[in-house]
Amino acid sequence: MMNRGSFLFVESNTTGTGELLMKRARVLGFEPYLVTRDPARYPFLKGSVAQVIEAETRSPDELIGVAAKLGRLAGIYSSSDYFVESASRVATAIGLPAANSEAIATCRHKWKQAAELRRQSIRVPETRLATSARDVENILAQSTLPVVVKPVSGSGSSGVRLCDSAAAAIKAFESARGALLDQVDLPSPDILIQQYVEGKEYSAEIIACDGTLHCLGILAKHKGPAPCFVEVGHDFPAPLPEPSLKELASFAAGAVSALGLNFGPAHVEFVITESGPVIIEVNPRLAGGMIPVMLSHALGTSILDMVIRLYAGEGFTPPRRSARAGAIRFQLVHKSGKLIRLGFSRNPDPTVPEAGLLKSEGAEVKINGDFRDRVAYSVGVADELNAAVAAAQRMIDSIVIEIETATDQTANMQVAGSNEGGGNLHPEAMKLLAPPIEISRDGRLLQHQAAIDEAHLVMLADQGLVSQAAAADLLKHILELRDEGFQSLEGRDAPRGVYLAYEAELAARAGPEKAGWLHLARSRNDLNATISLLVLREAACSISHQIGTAQDALLQRVEEASSLVAPLYSQYQIALPGSPGHYLLGVFFALGRERQRLHSLLEDISNCPMGAGAGGGTSIPIDPLKTANLLGFELPSFNSLDAVASRDHHLHGLSIFASISTLLSRVAQDLQVWTTREFALIEIPRNLAGGSSMLPQKKNPFLLEHIKGSASTVIGAYVSAVTATCKAPFSNSIEASNYGCSPLRLSEDALKRAIILTSLIVKYMSFNVRSMREHLEDGSSMTAIAAERMASRGIPFRKAHTEIGEMAQRLSQDSCATRRRSELASQLAGVFPASLEECRDALQFGGGPGKRSTDDQLSVAKTHFRDMQLKCAEISERRAHAKAHCEGRVKELIDKHRST
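Described below are features of the structure shown in this document. (Residues numbered from 1 in each chain as written. Predicted model: local features only at pLDDT ≥ 70, side-chain atom pairs only at ≥ 80, totals over all residues. Heavy atoms only, no water.)

What the chain contains, in helices and strands, is 31 helices and 25 strands. Its C-alpha radius of gyration of 32 Å places the chain within 12% of the 29 Å reference for a compact globule of 900 residues. In terms of principal-axis extent, the alpha carbons of the chain reach across some 105 × 80 × 50 Å. For the chain, buried positions account for 52% of its 900 residues. Put simply, of all contacts in the chain between residues at least 6 apart along the chain, 72% involve residues at least 24 apart. On the chain, roughly 39000 Å² of surface is accessible, and the fraction owed to carbon and sulfur atoms is 52%. Side chains of the chain carry 94 positive and 99 negative charges; the gap between the two charge centres is 3 Å. (Helix = DSSP H or I, 4+ residues; strand = E, 2+ residues; numbered from the N terminus. Rg over C-alpha atoms; globule rule 2.2 N^0.38 Å. Buried < 20%, exposed > 50% of the residue type's maximum accessible area, 1.4 Å probe, protein only. Contact = heavy atoms within 4.5 Å. Areas by Shrake-Rupley, 256 points an atom, 1.4 Å probe, with all protein chains shown as cover. Lys, Arg positive; Asp, Glu negative; His and termini not counted. Charge placed at Lys NZ, Arg CZ, Asp CG, Glu CD.)

Structure (structure tokens):
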């Protein structure tokens, strides 16, 4: 092929398409050059993929000097997130095709990106900037957990962590600041704290040319276990209806356009929530993770060639639509150590055009919680998405991987308690009752397990029951497991439960002799009872925070709605003139009582079961008060049997959850009725409603149905727990400890969803002022006040009530509402209110909707809300203080051992 000149690549990504781009440039007739400050970062350079130029790539002037020396330079590009801006500036300086470098700079700085998107009314998560641990604390005081901590200018999920506590967020903040140093030698002084957005995640792959944005496709994303965000797979096209795919392509293109990216590729990541799509981030580059390779196979044309030609000034021709589907699946490293064996045990079939290894045998691997954890990939392509997914998964499932740790032990080595039962569980029973560990499901339990282990080891060391050196070594390994997100346990068989599998992993790392001390003076009975209380405590705190958000939304709307006039209903019949503010205050006070019950429950969870053993205590001279305090409890349990047998706190918590969900369901029922044309009192915005697949005129307030539907889940969880517990013996039993407690998470998730949706609707619904007044125009709702005024003039109330009732019945229903009201006013002269406002404001006693009464209620509500917020913060602070104290003692032990 004729030489078409040189093509300069500024640095490269290390595991994605960087090497392939250079190879494709050569195939297209260009001489590829790679300018880098550290050639050792790229093992693929040994194959003479490109001519290497060493230079300081962080200096635009030095890069311009390099470019100026290359003959017939056709284009400049970077596949590295960290150098796209530099490549663009150099290309612009010497007159080659390039994107707007200022737009790239804004896009690369995710704080500026979020601000710009928000300024242009494009939905993004609530985002704050932190430069110190104190910033993190202040941000969390105003945020709802969980949050996502990420570097301002990161890539590949490096340093990105999901945090469900203040301590976790602060730790993630410190880790994120150095997350990029070992990759590109870049510090990250600025860190983002983003509200976690729940929903399915997708990406849009876009290429811009001459101001036109071309969407190559929408992909569904699969992620590894929390708290990390490692992408483990992608599906193309995303399994969504064609109209939805077009809408999402337009949405993603709108974000790219809003950021001024008018040239080159863009990778847009977003989450579809129940209220619509939310941009997570826009990246001014090709997608990583082999996505361009998969798309090339699915679309029948090379995406990499398109990009090279685009930057060489040859324009862009969109690929023709293809009916083929594609999927990528990755294999992640499951533990740190030396990679002894890695390979596929099967050959790829025609539906797997690409499969490869991303690490080499003999390499040292480490769980980083980002793209570097991938060791292999496979690409499946077929006519149907399901077939493509199956092909990619089948290939990746054939991976044979063996990792040797420093103290290599078998993962199933025997530890204390692992031979309970005298034999292995039957395979069919194991499949049903002890499935392999899934961090997404078991991660919370493991976090609590580790916290209890830390407190227990500190206590044992302080009591002299375990040597401080042994305790420190075990604590060090526990911290490593937590930092890794317990990923080494992912997929691990757990025939005797998650706890023993976790302890086996500790034994493999620390040695069985040291790990054997961990279970001294405790049983799985007191351990499980303590975990269940920690889970309940966490759930109750989380729900209290969510109720606080809902109450805040209610109070904000009360301020504007109290002056309005609206029907007050009794049995769906108009009773009196009221106000939306009066209704919202009623809901506020009802929620407030539920929140008080939650806080009372949290105060009542004061006794820690640790030390109760299997129900009979222990002969070892432990200090259960110390363990309790380190875990945020006030006291140990007084009776060892009560400690392991009782689950009354869970039943109480679930009953409160059921009561809250019942209240929200009733409110949702009212609001749904009020959205109908017959009532037409409120309007739900389109981004909180849905349409009909058949009827173009319909706007369905379906989120209200989700709120009502959630109540069935929450109430069902309570009934399930009570039923499981009621026939269990008063001792440790699977019925009570497992089936009596497991419904909590299902209940919490459903209730949290209902509260969040209620908050959104309350916050953004609008009041139909005209319709509310029209429902009251006939004056019938004002007759109760007329009767009370007649009674105040000496006419017995029952007589006045009868006379007015007969009078109202005689009115012709054929006449208009204004005329009926006029007739009532004429016949009840002197007692009939002159206006709806006068009638409403007369209802000022007994907590009615009158202005004076509502103002008093609002004042009380604000005081209650402030007190509840302070109480919630106080409870959280006590827990955080205990956690920080325990973490401090753990660090003290480890540091002391290191120094010796």
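Continuing now.
What follows deals with empty space enclosed by the protein. The tally for this structure, following the rule as stated, stands at seven cavities of 30 Å³ or more. In this structure, the largest cavity occupies an estimated 140 Å³ of space. Residue lining of the largest cavity: 17 residues in total, with Y77, V84, I104, P284 and Y311 positioned closest to the centre. Sorting the residues of the lining of the largest cavity by element identifies β4 (73–77) and α3 (84–93) as the ones contributing at least two each. Per-element accounting of the lining of the largest cavity gives the leading share, four residues, to α3. The residue inventory of the lining of the largest cavity, partitioned by class, reads 14 nonpolar, two polar and one charged. (1 Å grid on protein atoms, 1.4 Å probe; cavity = no way out; pocket = protein on both sides within 12 Å on 5 of 7 lines; lining within 4 Å. Points joined across faces, edges and corners; volume = space filled by probe spheres on them. Nonpolar A, V, L, I, M, F, W, Y, C, P; charged D, E, K, R; others polar.)

Before going further, it helps to examine the nonpolar core. Residues Y502, L591, I660 and I761 are the most contacted members of the largest nonpolar core, which totals 113 residues. The element contributing the most residues to this core is helix α18 (residues 524–561), with 17 residues. Formed by 74 residues, the second largest nonpolar core is a distinct cluster that contains L45, L248, F263 and V268. (Core = buried A, V, L, I, M, F, W, Y, C linked by side-chain atoms within 4.5 Å.)

Among the surface-exposed residues, L432, L433, I734 and Y739 lie close enough to one another that they form a single nonpolar patch of about 500 Å² accessible area. Listed by contribution, the elements that provide at least two residues to the nonpolar patch are α13 (427–433) and α24 (734–739). Among the structural elements, L433 can be located in helix α13. (Patch = residues over 30% accessible without salt bridge, like charges linked within 9 Å, V, L, I, M, F, W, Y side chains within 5 Å. Salt bridge = Lys/Arg side-chain N within 4 Å of Asp/Glu carboxyl O.)

Moving on, we come to the pattern of salt bridges. All chains considered together, the criterion is met by 56 salt bridges. With a closest N to O distance of 3.0 Å, K221 and E201 form a salt bridge. Of the two residues, K221 is situated in strand β10 (residues 212–223) and E201 in strand β9 (residues 200–209); the sequence distance between them amounts to 20 residues. A relative accessible area of 8% places E201 in the buried class.

To continue, consider the packing of aromatic side chains. Counting across every chain of the model gives 13 aromatic pairs. Geometrically, the ring pair formed by F7 and F30 is edge-to-face, given 5.8 Å between the ring centres and 65° between the ring planes. Taken as a pair, F7 in strand β1 (residues 6–10) and F30 in the loop between α1 (18–27) and β2 (31–36) lie far apart in primary sequence, 23 residues in all. Per residue, the accessibility class of F7 equals that of F30, and both read buried. Taking 5.5 Å as the distance between ring centres and 80° as the angle between the ring planes, the aromatic pair formed by F588 and F589 counts as edge-to-face. In this arrangement the basic side chain of R374 is found over the ring face of F330, its NZ or CZ atom lying 4.2 Å from the centre. (Phe/Tyr/Trp six-rings, centres within 6.5 Å; stacked < 30°, edge-to-face > 60°. Lys NZ or Arg CZ within 6 Å of the ring centre and 35° of its normal.)

The subject of this paragraph is helix α10 (residues 291–299). Counted residue by residue, α10 has eight buried out of nine residues, so it is predominantly covered. Turning to α10, its buried residues are I291, P292, V293, M294, L295, S296, A298 and L299. Residue G300 follows α10 closely and has a positive phi angle near 80°.

The next thing to look at is the pairing of strand β20 (residues 566–570). Bridge analysis of β20 against strand β21 (residues 573–578) gives five bridges, and the strand direction is antiparallel. Residue pairing across strands places Y569 opposite I574, the latter belonging to β21. Between the end of β20 and the start of β21, which pair antiparallel, lie two residues, with Q571 showing a positive phi angle near 55°. (Pairing = 2+ DSSP bridges.)

Our focus in this paragraph is the sheet that holds strand β5 (residues 127–130). In space, the four strands of this open sheet follow the order β5-β8-β6-β7, with antiparallel pairing throughout. On the outer flanks of this sheet lie β5 and β7 (161–163), each paired with one strand and no other. Geometrically, the sheet is characterised by an average inter-axis angle of 30° between neighbouring strands, direction not taken into account. Strand direction decides the pairing type here: strand β6 (residues 147–151) and strand β8 (residues 191–195), joined by five bridges, are antiparallel. If you follow K150 over to β8, its bridge partner there is L192. Running at roughly 150° to β5, helix α5 (residues 110–119) makes contact with β5, β6 and β8 of the sheet. The strands touched by helix α7 (residues 166–177) are β5, β6, β7 and β8; relative to β6, the strand with the most contacts, the crossing angle is about 15°. (Axes fitted to C-alpha atoms, helices over the stretch in contact; angles between N-to-C directions.)

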